Amino acid sequence: MTHNWAGNVTFSARELHRPRSVEELASLVAGHTRVKALGAGHSFSRIADTEGVLVSLSDLPPLVETDPVAATARVGAGMPLYAVCAALRERGLALPNLPSTTHLTVAGACATGTHGSGDAHATVSAGVRSVELVTAGGSTLTLSRGEPDFGGAVTSLGALGVVTALTFDVVPSFTVEQRVWEGLPWEVLFAEHARIAASAHSVSVFTDWTARPSCWVKRRTGDPAAGLEWTGAVPAGGPRHPVRGMDAGAVTVQDGVPGAWDERLPHFRVGATPSVGAEIQSEYFTRRTDAPAAMRELRSLAEELAPVLRVCEIRTVAGDPCWLGPGADGRVGFHFTWSPNVPAVHRVLDLVEERLAPFAPVPHWGKVHRMTPAAVRAGHPSAGRFAALRHRLDPGGVFGNATLDAVFGGAAPGAVLPGGTA
């Protein structure tokens, strides 16, 4: 792989390796001065880039070990999330929530703080009990919930080592139905977003900031009805794609037809192109109390955004215990899908960030943004703690890159690197 899924990042790496065992991976890490793990290539930023070698875990043996009594599942880090979901479903188990697509690898989703939507649900990382990784020099390490460093170990941006397995909390399998509501009045969205977001297991608002928004409501069967008639929105007359005018064949089943959790919580079907395909993505998190004001600011930019914006998704995320997650308090995420015109996207991002600045936005690690490293660091109160953990586990910066070094600093002074010193 020479570039990411969207094609907006060309990797600087000299080589791509696919080890077939953890032992082979450890030997590879020990023999190189710069290494980065590559998942599905679904990040739009340069967070997975390196001038050294890239490592894909796609050839490691599949791993799904479940313990129904302990309510855990130990899974291979390089597996696609959809494959893990299918294996859990077959065993009567589930993850509590999922992101909009399960095309991502498990480790990639956790490393960047990937999330779905729902007042009670944090990032995928928040459900991890332990993480196993190969660290600098080729040694192995397991960090578990409750240990002092665990908060920095899961959403770790690949900066601590190459993750080989993760153990998740699981719940009994469940079924979900989803319905789409259209024509949500703007003032109702601004005034009642918190109530709308709390109406079901997972709720996403989609808008291009010109036409009235739509709401995708995903309700666990057995939960109270989640109708939005009171808002003035109306049920969609058939399946809908998040982007107006696109074929709905790629989306998961709507219209209130119940289905397995992993076949309804994502927006997009396994085997179909998630989202648009030719696109760039950005996302910013604000405190929930700031969300109505932030929405009004973005609505005022509708004319400027229109030439490059395909759709914006508004989602709630529960407080995240990970040091580099979107926030320890509940957040609202504003996710933008742009046309693949990089200069034009950069121009509108400058406007978006200017309008969101009063609300101290936190950018998603795997998406495109224009914020300075200092501003990114300021959005994470535990950034200094993470930098210290990184320098302790990887003093030579083997798992670093330009993005990480700009935010957290480079190799520790005098650190010993394979074949020399820093």
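With an unreviewed UniProt entry as reference, the protein is termed FAD-binding protein, source organism Streptantibioticus silvisoli.

(A) Up close: the sheet that holds strand β2 (residues 35-38). Pairing is parallel across the open sheet formed by three strands, whose spatial order is β1-β3-β2. With partners counted over all chains shown, the strands left at the sheet margins are β1 (15-17) and β2, one partner each. This sheet shows a mean twist of 30° between the axes of neighbouring strands, independent of strand direction.

(B) Structural detail: helix α1 (residues 22-30). The set of residues buried in α1 consists of Leu25, Ala26, Leu28 and Val29. The buried residues of α1 occupy an angular sector of 160° when projected down its axis, which confines them to one face. Relative to its buried face, α1 has exposed residues pointing more than 90 degrees away, namely Glu23 and Ser27. Those residues of α1 that are buried lie in contact with β1, β2, β3 (53-56), β7 (128-134) and β9 (162-169).

(C) Geometry of empty space enclosed by the protein. Within the structure shown, the criterion is met by two cavities of 30 Å³ or more. Taken as a whole, the largest cavity spans an internal volume of roughly 40 Å³. Each residue belonging to the lining of the largest cavity can be placed in one class, and the counts come to six nonpolar, five polar and no charged. Roughly 40 Å³ of internal volume is contained in the second largest cavity. Its residues assigned to classes, the lining of the second largest cavity shows three nonpolar, six polar and two charged.

(D) Structural detail: the side chain of His42. For His42, the location among the structural elements is in the loop between β2 and β3. We classify His42 as buried; its relative accessible area is 15%. Setting aside anything within four residues of it in sequence, one finds His42 in contact with Trp5, Leu104, Pro274 and Gln281.

(E) The arrangement of the nonpolar core in detail. Core analysis: the largest hydrophobic core is formed by 105 residues, its most contacted members being Leu166, Trp209, Phe336, Trp338 and Phe408. If one sorts the elements of this core by residue count, helix α7 (residues 342-356) sits on top with six residues. Non-local contacts of Trp209, meaning those with residues more than four positions away in its chain, are made with Trp186, Met295, Leu298, Arg299, Ala302, Leu305, Leu309, Cys312, Ile314 and Phe336.

(F) Just the UniProt feature "domain: FAD-binding PCMH-type" (unreviewed entry) in the protein, in detail. UniProt tags residues 9-173 as "domain: FAD-binding PCMH-type" (unreviewed entry). As a span, residues 9-173 carries 15% helix and 27% strand, and end to end its C-alpha atoms are 37 Å apart.

(G) Representation of the packing of helix α4 (residues 186-197) against helix α5 (residues 291-299). Between α4 and α5, the least distance of the axes is 8 Å, while the angle of their chain directions is 155°. Between α4 and α5, the angle is such that the two are roughly antiparallel. Handedness of the α4/α5 crossing: right-handed. Here Trp186, Glu187, Leu189, Phe190 and His193 of α4 lie close against α5, whose contacting residues are Pro292, Met295, Arg296 and Arg299. For the contact of α4 with α5, a count of residues per class yields five nonpolar, one polar and three charged.

(H) Up close: the environment of Val253. Among the structural elements, Val253 can be located in the loop between β14 (234-235) and β15 (259-260). Given a relative accessible area of 27%, Val253 falls into the partly exposed group. On a C-alpha basis, the gap between Val253 and Pro239 in space is 7.5 Å, while along the polypeptide they are 14 residues apart. If near-sequence neighbours (up to four positions away) are discounted, Val253 is found in contact with Gln178, Glu263, Arg264 and Arg269.

(I) Region of the structure containing the pattern of salt bridges. Using the criterion set out here, one finds 23 salt bridges in the structure. A salt bridge links Glu263 to Arg89, with the nearest nitrogen and oxygen atoms 3.7 Å apart. Taken together, the residues Glu263 in the loop between β15 and β16 (280-287) and Arg89 in helix α2 (residues 81-90) connect sequence positions 174 residues apart. Among the residues examined, Arg89 registers a relative accessible area of 28% and is labelled partly exposed. Salt bridges sharing common partners tie together Arg34, Glu51, Arg390 and Asp405.

(J) Main features of the layout of surface pockets. If you add up the space inside the second largest pocket, you get close to 420 Å³. Where the lining of the second largest pocket is concerned, the elements lending two or more residues are α7, α8 (373-378) and α10 (402-408). Per-element tally for the lining of the second largest pocket: the top contributor is α10, with three residues. A class-by-class count of the residues in the lining of the second largest pocket yields 13 nonpolar, six polar and three charged.

(K) Main features of the environment of Leu228. Note that Leu228 resides in the loop between β13 (214-220) and β14. A sequence separation of 78 residues divides Leu228 from Ala306, and the C-alpha atoms of the two residues are 27 Å apart.

(L) Focus on the packing of aromatic side chains. The tally for this structure, following the rule as stated, stands at nine aromatic pairs. Taken together, the ring pairs connect Trp186, Phe190 and Trp209 into an aromatic cluster. Over the ring of Trp230 we find Arg195, and its NZ or CZ is 3.6 Å from the ring centre. Positioned over the ring face of Phe174 is Arg220, at 3.9 Å from the centre of the ring.

(M) Representation of the sheet that holds strand β8 (residues 140-144). A sheet is described by the order of its strands in space; here five strands give the open sequence β4-β5-β9-β7-β8, paired in antiparallel fashion. Each edge of the sheet is formed by a strand with only one pairing partner; in this case those strands are β4 (64-67) and β8. In this sheet, adjacent strand axes meet at a mean angle of 15° when their direction is disregarded. Summarising the sheet, β7 and β8 pair through five bridges and their orientation is antiparallel. When the bridges of β8 are listed, Leu133 appears paired with Leu141.

Calculation notes
Residues numbered from 1 in each chain as written. Predicted model: local features only at pLDDT ≥ 70, side-chain atom pairs only at ≥ 80, totals over all residues. Heavy atoms only, no water. Pairing = 2+ DSSP bridges. Helix = DSSP H or I, 4+ residues; strand = E, 2+ residues; numbered from the N terminus. Axes fitted to C-alpha atoms, helices over the stretch in contact; angles between N-to-C directions. Buried < 20%, exposed > 50% of the residue type's maximum accessible area, 1.4 Å probe, protein only. Arc of directions from axis to C-beta. Contact = heavy atoms within 4.5 Å. 1 Å grid on protein atoms, 1.4 Å probe; cavity = no way out; pocket = protein on both sides within 12 Å on 5 of 7 lines; lining within 4 Å. Points joined across faces, edges and corners; volume = space filled by probe spheres on them. Nonpolar A, V, L, I, M, F, W, Y, C, P; charged D, E, K, R; others polar. Core = buried A, V, L, I, M, F, W, Y, C linked by side-chain atoms within 4.5 Å. UniProt positions renumbered as here; feature names shortened; annotations may be inferred. Parallel < 35°, antiparallel > 145°, perpendicular 65-115°, else oblique. Left-handed = near helix turned anticlockwise from the far one by under 90°. Salt bridge = Lys/Arg side-chain N within 4 Å of Asp/Glu carboxyl O. Phe/Tyr/Trp six-rings, centres within 6.5 Å; stacked < 30°, edge-to-face > 60°. Lys NZ or Arg CZ within 6 Å of the ring centre and 35° of its normal.

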